[in-house]
Amino acid sequence: MASDQDIFLRAKNRTYAGFTQEEQGEWKGPFCFIQAADPQLGLMKAWSVGDCDGGGDEWSEEVRLTRQAARAVSGLSPRPRFMVVCGDLVHAMPGAPWRDEQERDLKAALREMDPAIPLVFVSGNHDLGNTPTPEAVAQYRRSWGDDYFSFWVGGVLCLVLNSQLFFDGTACPGLRDAQDAWLAGQLEQARRAAPRHVLVFQHIPLFLRSPAEEHDYFNLQREVREALLQRFAQAGVKAVFSGHYHRNAGGVHGGLDMVVTSAIGCQLGTDPHGVRVVVVTEEQVVHRYYSLEQLSEKGLEPDLRQLLA
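Residues numbered from 1 in each chain as written. Predicted model: local features only at pLDDT ≥ 70, side-chain atom pairs only at ≥ 80, totals over all residues. Heavy atoms only, no water.

(A) Broad picture of the nonpolar core. Formed by 37 residues in total, the largest nonpolar core has its most connected members in M83, F121, V275, V277 and L295. No other element matches helix 4 (residues 60-74), which puts six residues into this core. Counting residues in hydrophobic clusters, the runner-up holds 30 residues, among them L208, F218, L228 and M258. (Core = buried A, V, L, I, M, F, W, Y, C linked by side-chain atoms within 4.5 Å. Buried < 20%, exposed > 50% of the residue type's maximum accessible area, 1.4 Å probe, protein only. Helix = DSSP H or I, 4+ residues; strand = E, 2+ residues; numbered from the N terminus.)

Here it is in structure tokens:
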């Protein structure tokens with residue numbers, strides 16, 4: 001059984017242990033990873049009773065689904081290089097009842113992962129609050145590691161961002177400005193270092209279907225979105241992976257793939273509970289959403305396996 005030290009809290013000082021440019025900056029061939037989102041322990045009960053603020057006092061179904069996901073991913077061949085969970089790890093907001101218990105049970109479920117597959121955690125609005133405070137960010141960092149950081153894997157630069165600071169950083173302007181300055185440095189590094197690909201992971205999508213769509217709860221404000229799209233394009237970002245919508249969505253803009261992945265946990269549309277398999281080749285980043293049952297029973301489809309051969 002893997003310990004917290006083995007699996008959790010890897011992201012410290014804006015880096016991810018063992019995945020630095022010095023160690024992983026060179027392209028060595030195709031690989032795959034798993035993108036998941038929104039296990040959000042407690043939301044299924046809260047949604048079913050129509051009380052998303054106070055109804056999340058039961059989360060056994062999300063624990064079951066998270067364990068199923070962990071076992072399915074652990075059984076894949078070839079082995080994924082990592083699994084990233086794009087936010088809303090639990091439903092209880094900072095300071096809310098059941099927060100500690102939900103985090104404890106999520107960690108216990110994720111310990112069923114093969115410890116050779118590192119877990120990368122992304123902060124969501126339920127992990128930090130819709131308007132995060134310094135105290136909420138500090139609590140998240142104690143539980144899950146840094147809220148923004150970078151890592152390299154097989155010649156690919158990966159940026160993990162705290163999208164709540166884009167959405168509403170008014171209660172922690174110092175943290176918002178610090179992430180923005182750090183991101184500018186990372187994007188400049190991407191331009192200089194010329195990685196094979198640059199990938200971004202965040203909770204809230206830039207957009208759901210089109211950059212021209214109006215702002216709502218499930219996407220970033222248009223002025224924020226447009227500024228990030230421009231910065232990402234200048235740095236050659238290939239794809240942005242997100243969750244938050246509890247449905248599959250996304251679109252392509254100017255060569256950037258905005259990938260919106262449905263939930264391990266509560267579904268708000270017609271998608272099955274699942275995760276996304278991402279195959280990275282020298283020229284492409286190919287992704288496909290799998291139900292947990294499909295991934296458990298059949299594994300990767302032949303065309304994805306062929307890309308990894």
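There's plenty left to go through after this.
(B) Expanded view of the sheet that holds strand 5 (residues 119-122). Read from one edge of the open sheet, five strands run 5-4-3-12-13, paired in mixed fashion. With one partner strand each, in any of the chains shown, strand 5 and strand 13 (285-291) form the two edges of the open sheet. The sheet shows a mean angle of 25° between the axes of neighbouring strands, taken without regard to direction. One ladder, built from five bridges, connects strand 3 (residues 31-36) with strand 12 (residues 274-280); its direction is antiparallel. Bridge pairing links I34 to V277 in strand 12. (Pairing = 2+ DSSP bridges. Axes fitted to C-alpha atoms, helices over the stretch in contact; angles between N-to-C directions.)

(C) Structural view of the packing of aromatic side chains. Taken as a whole and assessed by the stated rule, the structure comprises 13 aromatic pairs. On the basis of an interplanar angle of 90° and a centroid distance of 5.2 Å, the ring pair of F82 and F151 is categorised as edge-to-face. Pair noted here: F82 is in the loop between helix 4 and strand 4 (83-86) and F151 is in strand 6 (residues 149-153), with a separation of 69 residues, a long-range link. Residue F82 is classed as buried on the basis of its relative accessible area, which comes to 1%. Residue classification places F151 among the buried positions, given a relative accessible area of 1%. Taking 5.2 Å as the distance between ring centres and 75° as the angle between the ring planes, the aromatic pair formed by F218 and Y245 counts as edge-to-face. Placement of the pair is F218 in the loop between strand 8 (197-201) and helix 10 (222-235) and Y245 in the loop between strand 9 (237-242) and strand 10 (249-253), with a sequence separation of 27 residues. Taken as a pair, F218 and Y245 share a single burial class, namely buried. These aromatic residues form a ring-pair network of at least three members: F19, F33, F82, F149, F151, F201 and F241. The lysine or arginine in question, R247, covers the ring of F218, its NZ or CZ lying 5.2 Å from the ring centre. Directly above the aromatic system of Y245 lies the positively charged group of R247, at a separation of 3.9 Å from the ring centroid. (Phe/Tyr/Trp six-rings, centres within 6.5 Å; stacked < 30°, edge-to-face > 60°. Lys NZ or Arg CZ within 6 Å of the ring centre and 35° of its normal.)

(D) Examining the state of the cysteines more closely. Counted by the stated rule, this structure contains zero disulfides. Looking at C52, it has no disulfide partner, and the nearest cysteine sulfur is the one in C266, 7.8 Å off. Residue C52 is classed as partly exposed on the basis of its relative accessible area of 34%. Among the cysteines around C86, which has no disulfide bond, C158 carries the closest sulfur, lying 11 Å off. Judged by relative accessible area, C86 falls into the buried class, the value being 0%. (Disulfide = S-S within 2.5 Å.)

(E) Looking closely at the packing of helix 5 (residues 99-110) against helix 7 (residues 134-144). Between helix 5 and helix 7, whose axes approach to 12 Å, the crossing angle comes to 30°. When the interaxial angle is binned, helix 5 and helix 7 end up roughly parallel. The handedness of the crossing between helix 5 and helix 7 comes out as right-handed. Of helix 7, the residues touching helix 5 (which contributes R99, D100, E103, L106 and K107) are Q139, S143 and W144. (Parallel < 35°, antiparallel > 145°, perpendicular 65-115°, else oblique. Left-handed = near helix turned anticlockwise from the far one by under 90°. Contact = heavy atoms within 4.5 Å.)

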